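Survey of secondary and tertiary structure
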Amino acid sequence: MKESEPTDPTHSLEDSSPRIEVENEREAAGETVRVGSPFAEGTAKAPPPLAAAPSGETFYDVGPMRYTAMGAVSAAIMVVFFAAMAAWWFPSGGTLIAGLGCVLAIMGMFSHFRNLSVGLLVVHVVFFLTCYSRALE
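Per chain, residue numbering runs from 1 following the sequence as it is written. In keeping with the model being predicted, local features are shown solely for residues with a pLDDT of at least 70 and side-chain atom pairs are shown and tallied solely at 80 or more, while totals for entire chains, interfaces and linings include all residues. In computing side-chain values, all of the structure's heavy atoms are included and hydrogens and water are not.

**Describing the packing of aromatic side chains**
- Aromatic rings from Phe, Tyr and Trp, taking only the six-membered ring of Trp, are treated as a pair when their centres fall within 6.5 Å; an angle between ring planes under 30 degrees marks them as stacked, one over 60 as edge-to-face, and anything in between as tilted. Within this structure, the stated rule accounts for 2 aromatic pairs.
- Seen in terms of ring centroids, Trp88 and Trp89 are 6.4 Å apart; in terms of plane orientation they differ by 35°. Their pairing is tilted. Assigned by exposure class, Trp88 and Trp89 land together as exposed.
- Relative to Tyr132, the ring of Phe128 has its centre 6.2 Å away and its plane inclined at 5°; by these criteria the two rings are stacked. Remark: Tyr132 and Phe128 occur in helix 5 (residues 114-136); sequence separation between them is 4 residues, near one turn of the helix.
- The rule is simple: take the accessible area with a 1.4 Å probe, protein chains only, and divide by the maximum for that residue type; under 20% is buried, over 50% is exposed, in between is partly exposed. Judged by relative accessible area, Phe128 falls into the partly exposed class, the value being 30%.
- Overall, the relative accessible area of 45% leaves Tyr132 in the partly exposed class. Only DSSP runs of H or I reaching four residues or more are called helices, and only runs of E reaching two or more are called strands; each is numbered from the N terminus.

**Focus on the side chain of Thr95**
- As for its position among the elements, Thr95 is in helix 4 (residues 91-107).
- Residues count as neighbours in contact if any of their non-hydrogen atoms are within 4.5 Å of one another. Not counting the four nearest positions on each side in its chain, Thr95 is found in contact with Phe128, Cys131 and Tyr132.

**Examining the nonpolar core**
- What makes a nonpolar core is a set of buried Ala, Val, Leu, Ile, Met, Phe, Trp, Tyr and Cys residues whose side-chain atoms join them at distances within 4.5 Å. Residues Leu104, Leu120 and Phe127 are the most contacted members of the largest nonpolar core, which totals 13 residues.
- Looking at this core, the elements that each hand over two or more residues are helix 3 (64-89), helix 4 and helix 5.
- Those residues in contact with Phe127 that sit more than four places away from it in its chain are Val80, Ala83, Ala84, Ala87 and Ala98.

**Some thoughts on helix 4**
- Helices are assigned an expected span. That span is 1.5 Å times one less than the residue count. Compared with an ideal rise of 1.5 Å per residue, which puts 17 residues at 24 Å, helix 4 spans 24 Å between its outermost C-alpha atoms and is within 8% of the ideal.
- For helix 4, every residue scored as buried is listed here: Pro91, Gly93, Gly94, Thr95, Ala98, Gly101, Cys102, Leu104 and Ala105.
- Those residues of helix 4 that are buried lie in contact with helix 3 and helix 5.

Below, the structure written as structure tokens:
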């Protein structure tokens, strides 16, 4: 009768972990890793890994809010026309419309269109002050 060895599911993990540690130690020691056939003459060495430079995009990535902010910029552009008409026709309503435009422009500052959002914010503040002063008359 043959004796059977118990099967251990972690056996393969234990065997592979020392190899990983050895490879990491080689990389830490600065040894180069050969690429290609070890029997070919003049095999190339692996190129040094490039350090990932942080881009400005990663600092402003706010997830789904970014797309909401892009929609807010386009809505603020549309609201400019309504605020302009309301400033001439119905100043007290234009105050509310220009206030909405200010909120939309502030939300738009979280998108890629920051400069456009700042410009829209200035335009909406001017319309807000114009409509407010006309509504007080």
